[in-house]
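Residues per chain, in single letters:
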Amino acid sequence: MIHTEMTPSWPSLEKQATWEKQDKMKQKAYFDGHHGARSVEPIPPGTTIQVCYAEKSTSSASQSFNMGCLKKEVCELFDEEIIGKRSLRAVGNSLCHECCEKPGCSTSALPAPRDCWDLRSVYNITEDGIYQVLSPSGSYVNHRCDMTTDGGGWIVFQKRYKGSVNFDQPYTKYQTGFGVLSDEFWMGNDLLHEFTKDNNQKLRVDICDWGSAKRFAVYDFFSVGPPSDSYRLMVASYHGDAGDSLITGSGGNQFHNNRCFSTSDVDNDISTRHCAREFRSGWWFGDCFSANLNGNYQFAGPVTAGAGLQWRLWREKYSFKGTEMKFRPRSATPTSHEPFHCPVH
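Numbering of residues starts from 1 in every chain and runs along the sequence as written. Local features in this predicted model are restricted to residues of pLDDT 70 or higher, and side-chain atom pairs are both shown and tallied only at a pLDDT of 80 or more, whereas totals for entire chains, interfaces and linings draw on every residue. Working from all heavy atoms in the structure, the side-chain values ignore hydrogens and water.

Caption draft 1: Region of interest: the state of the cysteines. Any cysteine sulfur atom paired with another within 2.5 Å is treated as part of a disulfide. Scanning the entire structure with this criterion turns up three disulfides. Here Cys208 engages in a disulfide with Cys342; their sulfurs sit 1.9 Å apart. As the torsion about the S-S bond is roughly -95°, the Cys208-Cys342 disulfide counts as left-handed. Taken together, the residues Cys208 in strand S9 (residues 201-208) and Cys342 in the segment after strand S14 (322-329) connect sequence positions 134 residues apart. Given a relative accessible area of 28%, Cys342 falls into the partly exposed group. Through a disulfide, Cys275 is tied to Cys288; the S-S separation comes to 2.0 Å. Disulfide Cys275-Cys288: the torsion about the S-S bond is -80°, which places it as left-handed. On the criterion of sequence distance, the pair formed by Cys275 in helix H6 (residues 275-279) and Cys288 in the loop between H6 and strand S12 (291-292) is long-range, its members being 13 residues apart. Numbered from the N terminus, helices here are DSSP runs of H or I no shorter than four residues, and strands are runs of E no shorter than two. Categorising residues by exposure relies on relative accessible area from a 1.4 Å probe, with only protein chains included: less than 20% of the type maximum marks a residue as buried, more than 50% marks it as exposed, and the intermediate range marks it as partly exposed.

As structure tokens, this is what we get:
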């Protein structure tokens, strides 16, 4: 299971530091209201409830904090900062039954965020971070959101940059996800299928070398199949400057489009070799690969033929320092095109 290392919140988990100085009783009231003192049935998509919305102004900018699903007594802690209320769908497993009343409040409805693009385009959230979004199945899931690259709104499903997480994991681990959202991780093939099954997502791959160079690959059509089809990868319409390692590949049957997912304990490739076991990776292997971004981490660029994090249409026999794989709706219309910034450690 993937870990967040932080208590789930919305819009940003880091914002909880704002409330750390509240006394213990008030903190308890906050968490009871935010996370729910009782369990309820899953909230149907479209359900609308009222929650408090706090806004704190500074001399330089207006910084907003969505308090989530809170009880009235918690809102009173922030009496001087709360300027209104808005209608939002339920967050987590709590239902709100009352909300702060303030003169001149607006109750305009906002949709539940279905992905990072909703958070970027509807809620105007611009900070990279970990956020809760409503999955297609109706449950809330924590995701790492890239809110800056090419207009933001990307759900990051793979992140590597320092070799802190072992990506040679069994099939079941790749199904559910592993690692830490604030560090290195794989989101999980079950969630990948759930979010991409309608074939309305685009894929972006960002790659950094051990110097200052970086490149990207975008596929305007991206989906991952169900477990019954071994999480088959489907991509189309490449553009970018990293080279098309997924569709065209580096020759023969080494491409990855329309390939099933394999791990060291489950061999679904088309090779006479067991590619995942040989290259210590979970991936959509063919015979064997033109790209393998889940390979064994190498702390150097030039490597032997199959080692490391590879994208051969950019460089052959080279293990890259950092990679991110992410998706957002194909219909997204970003208004800015900020380049990807390679992570450092």
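Now that the structure has been shown, the text picks up again.
Caption draft 2: Looking closely at the layout of surface pockets. Lining residues are those with an atom within 4 Å of a point, where the points come from a 1 Å grid over the protein atoms alone and group into cavities, where a 1.4 Å probe fits but cannot get out, or pockets, open sets with protein on both sides within 12 Å along at least five of seven lines. Grid points are joined across faces, edges and corners, and a volume is the space filled by probe spheres set on the points. By volume, the second largest pocket is sized at about 270 Å³. Lining the second largest pocket are 16 residues, and of these Arg114, Asp115, Pro136, Asn200 and Gln201 lie nearest its centre. Of all the secondary structure elements, the ones that give two or more residues to the lining of the second largest pocket are helix H3 (116-121) and helix H5 (189-196). Among the elements that make up the lining of the second largest pocket, the one with the highest residue count is H5 (three residues). When its residues are assigned to classes, the lining of the second largest pocket shows five nonpolar, five polar and six charged. Charged means Asp, Glu, Lys or Arg here, nonpolar means Ala, Val, Leu, Ile, Met, Phe, Trp, Tyr, Cys or Pro, and polar covers whatever is left, Gly included.

Caption draft 3: The pattern of salt bridges, seen in detail. For salt bridges, the criterion is a side-chain nitrogen of Lys or Arg within 4 Å of an Asp or Glu carboxyl oxygen. Scanning the entire structure with this criterion turns up 12 salt bridges. Among the ionic pairs, Asp150 bridges to Arg328, the shortest N-O distance being 3.2 Å. Of this pair, Asp150 sits in the loop between strand S5 (140-146) and strand S6 (154-160) while Arg328 sits in strand S14, and the two are 178 residues apart along the sequence. In this structure Asp150 comes out as buried when scored by relative accessible area, which is 18%. Glu278 is the partner of Arg273 in a salt bridge, and the nearest nitrogen-oxygen pair spans 2.7 Å.

Caption draft 4: Structural view of the packing of aromatic side chains. Here a Phe, Tyr or Trp ring, Trp counted by its six-membered ring, pairs with any other such ring whose centre lies within 6.5 Å, and the pair is stacked when the planes are under 30 degrees apart, edge-to-face when over 60, and tilted otherwise. For the coordinates displayed, the defined rule picks out 21 aromatic pairs. Here Trp186 and Trp284 contribute two aromatic rings whose centre-to-centre distance is 6.0 Å and whose plane-to-plane angle is 50°, an arrangement assigned as tilted. Placement of Trp186 in strand S8 (residues 185-186) and of Trp284 in the loop between H6 and S12 is noted, with a sequence separation of 98 residues between them. By relative accessible area, Trp186 is classed as buried at 0%. By relative accessible area, Trp284 is classed as buried at 1%. Geometrically, the ring pair formed by Trp314 and Phe320 is stacked, given 4.7 Å between the ring centres and 25° between the ring planes. According to the relative accessible area criterion, Phe320 is buried, its value standing at 0%. Grouping aromatic residues by their ring pairs yields a cluster made of Phe157, Phe167, Tyr174, Phe178, Trp186, Phe195, Phe222, Phe261, Trp283, Trp284 and Phe327. A ring is considered to have a charge above it if a Lys NZ or an Arg CZ atom is located within 6 Å of its centre and within 35 degrees of its normal. One Lys or Arg, Arg312, reaches over the ring of Phe289 and ends 4.2 Å from the middle of that ring. Between Arg315 and the ring centre of Tyr318, over which it is positioned, the NZ or CZ distance is 4.6 Å.

Caption draft 5: Inspection of the side chain of Asn189 at higher detail. Here Asn189 is to be found in helix H5. You can call Asn189 buried: its relative accessible area is 0%. Filtering out sequence-adjacent residues up to four positions away, Asn189 remains in contact with Tyr174, Gln175, Tyr231 and Phe261. In what follows, a contact means two residues having at least one pair of non-hydrogen atoms within 4.5 Å.

Caption draft 6: Quick peek at the environment of Gly252. Mapped onto the elements of the fold, Gly252 is located in the loop between strand S11 (233-240) and H6. Under the relative-accessibility criterion, Gly252 is labelled exposed at 66%. Distance in space between the C-alpha atoms of Gly252 and Asp287 is 7.9 Å, their sequence separation being 35 residues.

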